[in-house]
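Chains, contacts and geometry: an overview
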Amino acid sequence: MVESSLSGVASPAEVRYRMTMWQRTVPFLPAVVVTAAVFTTSAAGAGTTPPGGLPGLAAFWIVLLILTALFPHRFGITLTPSSAVVHNLRRRTIPWSEIRAVQTESILGTMTIVLYEANGRRTRLRAPSTGFLAWDHHFEEKFHVIGTWWLTYRGPDWNPVPPPPTWPTTPPTPDENPFAPPA
C-alpha cells in the first residue's frame, strides 16, 4: 500500500511503502487448502468432524486472520530526507550517505529491492516486492521512487560499490598453483 504520492521527491516529506493485504494473505493459502481438505475428507469419509469440530476450525481461522492483519503489516520502508527507515522484525534507520546502491534482485521468482550499505551489509526489503500470486503492479514505480530519493539525498561524499573480484580467465602455467587466488 502506498501511503503517499508516487510522483516524486519534491512534494512529500515522507513516503511509506507497506505490504498489501493480498501480499500478507498469500502465505496462508496452503493452510486454507490443508484445512479444507482435512475438514471435507474427515466429514465425508467417516461422517465425523475434525478434532475441535467446527468451533475449533473457526477459532483457528480467527487467530490466523488476526495474525495476517497485525504481524506482517509492519514490514516495509519509510523514506525521509535524512534516511531510509526499514521496518522488518526490528526497525533500522539507514542514513542515505551510508547506502552505496539500490538494486532489484530476484529469488525464486520474487523481485525485491536491496539496499547495499557502506559496511558491506545487504538489506533486503520485505516491501515493496512482487512475485507469483503476490503481484504488485506499481513495483517498478516504487523502485524508481526509492532510487530517486537515494540519488537526491545521498550527499557529496558518496562512493560507489566496488566491483566484485574477478578470477583470471587464462589457464595457469604448469609451474603455477591452479588453486591459488590471483596475485
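About the cut-offs
Residues numbered from 1 in each chain as written. Predicted model: local features only at pLDDT ≥ 70, side-chain atom pairs only at ≥ 80, totals over all residues. Heavy atoms only, no water. pLDDT = per-residue confidence, 0-100. Contact = heavy atoms within 4.5 Å. Core = buried A, V, L, I, M, F, W, Y, C linked by side-chain atoms within 4.5 Å. Buried < 20%, exposed > 50% of the residue type's maximum accessible area, 1.4 Å probe, protein only. Helix = DSSP H or I, 4+ residues; strand = E, 2+ residues; numbered from the N terminus. Salt bridge = Lys/Arg side-chain N within 4 Å of Asp/Glu carboxyl O.

With that out of the way, let us pick up the confidence of the model for the chain. Overall, the predicted model of the chain reaches an average pLDDT of 74, with 65% of residues at or above 70. Counting interchain partners and residues more than four positions distant, the pLDDT-below-50 stretch residues 1–11 has 26 contacts.

Ile77, Leu79, Ile99, Val102, Leu115 and Ile146 are the most contacted members of the largest nonpolar core, which has 19 residues in total. Secondary-structure elements contributing two or more residues to this core are strand 1 (15–18), strand 2 (76–79), strand 3 (83–87), strand 5 (99–107), strand 6 (110–117) and helix 4 (139–153). By residue number, the principal contributor to this core is helix 4, which donates 6 residues.

Here we take up the pattern of salt bridges. For the structure shown, the criterion picks out 3 salt bridges. The residue Glu105 makes a salt bridge to Arg122 at a minimum N-O spacing of 2.6 Å. Note that Glu105 is positioned in strand 5 and Arg122 in strand 7 (residues 122–130), a separation of 17 residues in sequence. Given the relative accessible area of 18%, Glu105 is considered buried. Close ionic contact of Arg124 with Glu105 constitutes a salt bridge, the shortest N to O distance being 2.9 Å. Of the two residues, Arg124 is situated in strand 7 and Glu105 in strand 5; the sequence distance between them amounts to 19 residues. Salt bridges linked by common partners bring Glu105, Arg122 and Arg124 together as one network.

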